[in-house]
Structures are given as C-alpha cells and as structure tokens.
Amino acid sequence: MATRLVQINMKAHDDAALGRFWAEALGWGIDSEGPGVTNLEPVGFTYPDPAAVCIDLIARPEPKTVKNRVHLDLATTSTAHQEELVARLKSLGATPVDVGQGDVPWTVMADPEGNEFCVLEPRQVYRDTGPIAAVVVDCTDPREMARFWGEAMDWTLHEVTDDSATMRSAKGVGPYLEFLRTPDTKSGWNRVHLDVRPYPGDDPAAEADRLRSLGATDPDIDQSAIHWTILADPEGNEFCLLTPA
C-alpha cells in the first residue's frame, strides 16, 4: 500500500474570491463542490494525476495569526518572466512580504488573505513542473520528515540534508515536495495542509494504521461527520487521508 500527494487544502475566509486569485495566478480552472468549497486544477486535467497537485479552498472563519508552515513556490522560466509574474500577481491583489528572507533572488509574496508564497528565480530543476515548482513544508528535522513521507507515499526522494529534503512523484512529473529546516515551531492548526490519497482498491483503514505505524498520530478533533481521516505527521502537521481513487 501507498499514498500519493493529490492536493493541498487551504483555509479561506472567502474561498470563491481566493479561488479566483489562485486560478488566475496559475492559469487553472475553477470548480465548486458547493458553498464554502472551491476546487482548482489545470484546464483539461483528469484528477488525480501526478502532473499537478491541485488546490482545495475551504471556507473557515478563523483568522490567520502566524506564518503558514506550508506554502507554494511558483516557477519561472527567465528573469523577465519572474518580473512579469510578480507584476501580474500584484495586479491580482498579492503583496510583497518580509518573512526575514534577506537579500534573495526570489520574491516572497502573500495572497489577498495573507498566505505566503514565493516567486522563484528561473531554476533548471523546475523547468518541467508546471506553474507550481514545489510545495514547501517548514520543519525542524528534514531527515525525519523525508523518512516518514518517503515511506508514507510512493514518491521518490531526490535529496536529503540536515537543512532540506526534496521529493517528487516517481513518474518524474509535476511539482516537488520539499521540507525546509526553519527555526520556528508549529503553533496552532495549519491553515494549509497536505491531502494524500490511496490507490483504488486499497483499504483506507489499513492505510491509516500503516501511517500510524510510521509515526503518524491522531489529532484531537472530532471526525465523526467526515468520510476521510485526519492524521498528523511526526512534527504535528495535520494532513488528510482521503478515500481511494
């Protein structure tokens, strides 16, 4: 058994408005499952497919109070493209932010609800990822996160050091999943988290037990009204184990 990363879940005060921002930012299409839920995926995309990690925006009233521990890095193909993308994102409502990055070649921004993301300078490694270069998770121990997620999913580990770890779908397509060592620690419920999905025919209860055996834990939350399972990785980052598909 194994899972694969299929989407990120992002809480929003106005999921429809934030969905429009990210759809225009990425050049993706918008779908809706009903009030309070907005889905984004590439136009013509057949879900799930490792060629893209989709975005689900869920309406929630809680305010954003701390820097997100999960964010997106956007890819660019040239310095001119980076400048053009930053300008276009500003016109859509994004703002530059200072998270202590110092003098770096990438641009740190926040979407209209304050969710941080980076517009990267052109890098050869991200030449074929699509608009999202990487999903980045802040952590204190990249090696342990690589160990857990490497066993939790069927993605390939590309590099691991004391400061960072990088994974990508075994099919060699789509964005990377990266774990970056940061000095700050997790505080409160993550407003952005990973959603993973087993393969067709897998037993979701058995998969949940397997993930627990690898170090996942059960957060203190009532799950009686949902048909998926909420777990937390070894650093306490919540993630959802969806039903097989």
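Residues numbered from 1 in each chain as written. Predicted model: local features only at pLDDT ≥ 70, side-chain atom pairs only at ≥ 80, totals over all residues. Heavy atoms only, no water.

Enquirer: Residues and numbers for the pairing of strand 13 (residues 192-198), please.
Expert: With respect to burial, strand 13 is a largely interior element, seven of its seven residues being buried. One ladder, built from seven bridges, connects strand 1 (residues 3-12) with strand 13; its direction is antiparallel. Pairing of Arg4 across the sheet is with Arg197, part of strand 13. Alignment of strand 13 against strand 15 (residues 238-241), held across three bridges, turns out to be parallel. What sits directly across from Leu194, in strand 15, is Phe239. (Buried < 20%, exposed > 50% of the residue type's maximum accessible area, 1.4 Å probe, protein only. Helix = DSSP H or I, 4+ residues; strand = E, 2+ residues; numbered from the N terminus. Pairing = 2+ DSSP bridges.)

Enquirer: Report on the sheet that holds strand 6 (residues 95-96), specifying residues and quantitative values.
Expert: Ordered by their spatial adjacency, eight strands build an open sheet running 6-7-8-5-9-12-11-10, and the pairing between neighbours is mixed. In the strand order of this sheet, the two ends are held by strand 6 and strand 10 (156-160), each with one partner. As paired strands, strand 7 (residues 107-110) and strand 8 (residues 116-119) are joined by four bridges and run antiparallel to one another. If you follow Thr107 over to strand 8, its bridge partner there is Val119.

Enquirer: Describe the environment of His81, naming the residues involved and giving the relevant values.
Expert: For His81, the position within the fold is in helix 2 (residues 79-92). For the pair His81 and Pro122, spaced 41 residues apart in sequence, the C-alpha to C-alpha distance is 8.4 Å.

Enquirer: With reference to specific residues and values, describe the sheet that holds strand 1.
Expert: Hydrogen bonds between backbone atoms are what pair the strands of a sheet, whose relative direction is either parallel or antiparallel. Read across the sheet, seven strands follow the order 2-3-4-1-13-15-14 without closing on themselves; strand pairing throughout is mixed. Two strands bound the open sheet, and with one partner strand each, they are strand 2 (29-34) and strand 14 (229-232). For this sheet the average axis-to-axis angle between neighbouring strands, irrespective of direction, equals 30°. In this sheet, strand 4 (residues 54-59) lies alongside strand 3 (residues 37-41) in antiparallel orientation, the contact comprising four bridges. Bridging from a neighbouring strand, Leu40 pairs with Ile55 of strand 4. (Axes fitted to C-alpha atoms, helices over the stretch in contact; angles between N-to-C directions.)

Enquirer: Can you tell me about the nonpolar core, naming the residues and giving the values?
Expert: Trp22, Leu74, Leu89, Trp149 and Leu177 are the most contacted members of the largest nonpolar core, which has 53 residues in total. Sort the elements by how many residues they give to this core and helix 1 (residues 15-26) lands first, with six residues. Not counting residues up to four positions away in its chain, the partners in contact with Trp22 are Met10, Leu40, Leu72, Leu74, Asp111 and Phe117. (Core = buried A, V, L, I, M, F, W, Y, C linked by side-chain atoms within 4.5 Å. Contact = heavy atoms within 4.5 Å.)

Enquirer: I'd like to hear about the layout of surface pockets, residue by residue, with values.
Expert: The space that makes up the largest pocket amounts to roughly 960 Å³. If you trace the largest pocket, you find 45 residues lining it, with Asn9, Lys11, Ile58, His193 and Cys240 closest to the centre. If you list the elements that add at least two residues to the lining of the largest pocket, you get strand 1, strand 2, strand 3, strand 4 and strand 13. A breakdown of the residues in the lining of the largest pocket according to their chemical character gives 17 nonpolar, 12 polar and 16 charged. Taken as a whole, the second largest pocket spans an internal volume of roughly 570 Å³. (1 Å grid on protein atoms, 1.4 Å probe; cavity = no way out; pocket = protein on both sides within 12 Å on 5 of 7 lines; lining within 4 Å. Points joined across faces, edges and corners; volume = space filled by probe spheres on them. Nonpolar A, V, L, I, M, F, W, Y, C, P; charged D, E, K, R; others polar.)

Enquirer: Can you break down the pattern of salt bridges residue by residue, with the values?
Expert: Counting across every chain of the model gives 14 salt bridges. Notably, a salt bridge pairs Asp218 with Arg212, separated by 2.8 Å at the nearest N-O pair. A relative accessible area of 42% means that Asp218 is categorised as partly exposed. Look at Arg212 and you get partly exposed, because its relative accessible area is 31%. (Salt bridge = Lys/Arg side-chain N within 4 Å of Asp/Glu carboxyl O.)

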